[in-house]
Amino acid sequence: MDEVDPAFRQAWASDYRMTGDRLHWAAGAWPYEGGGYWFDALARLGFALHDEALVQQAKSRFDVVIDHMNDNAIVFLWWLNKNNPADDKAAKGTHYGEPEWPVWASGLLGRALVGYYEGSGDRRALKALESAYANPAGWSKMEGWGISNIWPAYQTYLWTGNEKIEQSLTEFFNNTKEGNVKGSNHRYRRAPNPAGEGNDHGVHFCETTLPWGLGYLWTGKREFLDAALAWYRLVERDCMQPYGVPVFDEFYGPTGAFRATETCDVAAYIWSQTELLKMAGQGVMADRVERAFFNAGPATVSRDFKTHVYFQSPNRMADRSLPPPDSVRFDRNITRCAARPR
């Protein structure tokens, strides 16, 4: 990817350190999101294929984060200082109204480091994970996107038994309040109203419904897992498209021939069902993964895997009923193929 798009060369690089409002994805922080997802796949694929070149490529990218981690970092944003009010504000996303977006991107990097440690046994990676999650700054009081950090924090605790991580996870799952901020994840701790619910951004939906399943593993309370299962039944009932992924354009909604799915959500949906399968053991999740992978997956990318569409739709054509044409065609400039306001 870093040979195709410069954003992947910037991802978590030592000389690419966004601060202030530049930590908004649209103002320069996109490489942290894209890089986190890419590193996760890069490391796991390298170990699965026994491909030493991929493993070393992943290691070279992780080494930057591992070598720079410190006690004052905000999760994996090692160039920020948790004691600096401006840095704390920027990490919380209060500059641009998307709560904890930079912290969310750190959660993706954390998941990638978990996969790298599982495959390599590199104790430096585990030390970096423990440093990030034993430090409550930026993730343990999550109400927005930052819930992505639950996964690597939970796994890090299983490996280390760190009491500070244990305390943070317990406090999070014992917090019974309903979220009152835009993009809150707390409504997903309970089952949806079958008659309907206000919609949500697709990636945010997948990233913030599923971690509540970990609440079941952490507390033993079945209602956490049941809530996650119920939310996915809801979108399958109302929003599922023929290619096996719900309508997420970019918010979920009723299915239809001229509705679409953001490519990010093909990966996010497959990931969500894979993890649910581990927790619930229900074959329907495997069926969902298979259908999405072999239908929605190939439809989003060109045959050489160097371009993709931002949206796919059952009837993809240049028509006013669809998103703008540049969002539904294969675009050579990957990082700028973003949805325009409609």
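Residues numbered from 1 in each chain as written. Predicted model: local features only at pLDDT ≥ 70, side-chain atom pairs only at ≥ 80, totals over all residues. Heavy atoms only, no water.

Next up on the list: unusual backbone geometry. The linkage connecting Asp249 with the following residue, Glu250, adopts the cis geometry, with an omega of -15°. Its location among the elements puts Glu250 in the loop between helix H11 (222–239) and strand E1 (261–262). Even without being glycine, Trp12 reaches a positive phi, approximately 55°. Among the structural elements, Trp12 can be located in the loop between helix H1 (6–10) and helix H2 (30–49). Here Trp12 falls in the buried class, since its relative accessible area comes to 1%. Positioned with a positive phi, His50 is a non-glycine residue whose angle comes to about 55°. By the element assignment, His50 lies in the loop between H2 and helix H3 (52–68). (Helix = DSSP H or I, 4+ residues; strand = E, 2+ residues; numbered from the N terminus. Buried < 20%, exposed > 50% of the residue type's maximum accessible area, 1.4 Å probe, protein only.)

Let us look at the nonpolar core. By size, the foremost hydrophobic cluster in this structure holds 94 residues, and its most contacted members are Trp12, Phe62 and Phe76. Ranked by the residues each element gives to this core, the list is headed by helix H5 (residues 101–120), at eleven residues. The contacts of Phe76, once residues within four sequence positions are left out, are Trp12, Val65, Met69, Ser106, Leu109, Gly110, Leu113, Ala128, Leu129, Ala132 and Tyr133. (Core = buried A, V, L, I, M, F, W, Y, C linked by side-chain atoms within 4.5 Å. Contact = heavy atoms within 4.5 Å.)

Contact pair helix H7 (residues 150–160) / helix H10 (residues 212–219): the axes reach a minimum separation of 10 Å and the direction vectors enclose 25°. One finds that H7 runs roughly parallel with respect to H10. The two elements H7 and H10 cross, and the hand of that crossing is left-handed. Residues Ile150, Trp151, Tyr154 and Tyr157 of H7 lie in contact with H10, whose contacting residues are Leu214, Leu217 and Trp218. For the contact of H7 with H10, the per-class residue count stands at seven nonpolar, no polar and no charged. (Axes fitted to C-alpha atoms, helices over the stretch in contact; angles between N-to-C directions. Parallel < 35°, antiparallel > 145°, perpendicular 65-115°, else oblique. Left-handed = near helix turned anticlockwise from the far one by under 90°. Nonpolar A, V, L, I, M, F, W, Y, C, P; charged D, E, K, R; others polar.)

Scanning all chains against the criterion turns up 33 aromatic pairs. A centroid spacing of 5.5 Å and a plane angle of 90° characterise the contact between Phe8 and Trp30, whose relative ring orientation is edge-to-face. Taken as a pair, Phe8 in helix H1 and Trp30 in helix H2 lie far apart in primary sequence, 22 residues in all. With a relative accessible area of 24%, Trp30 lands in the partly exposed category. With a centroid separation of 5.8 Å and 15° between ring planes, the pair formed by Trp212 and Phe224 is classed as stacked. Placement of Trp212 in helix H10 and of Phe224 in helix H11 is noted, with a sequence separation of twelve residues between them. Of the residues examined, Trp212 reaches a relative accessible area of 0% and is grouped as buried. The class of Phe224 is buried, set by a relative accessible area of 4%. What links up through ring pairs into an aromatic cluster is the set Phe8, Trp30, Trp38, Phe39, Phe47, Phe62 and Tyr116. A cation over an aromatic ring shows up here: Arg111 above the ring of Trp271, its NZ or CZ 4.1 Å from the ring centre. The ring of Tyr216 has Arg222 lying over it, and the distance from NZ or CZ to the ring centre is 5.7 Å. (Phe/Tyr/Trp six-rings, centres within 6.5 Å; stacked < 30°, edge-to-face > 60°. Lys NZ or Arg CZ within 6 Å of the ring centre and 35° of its normal.)

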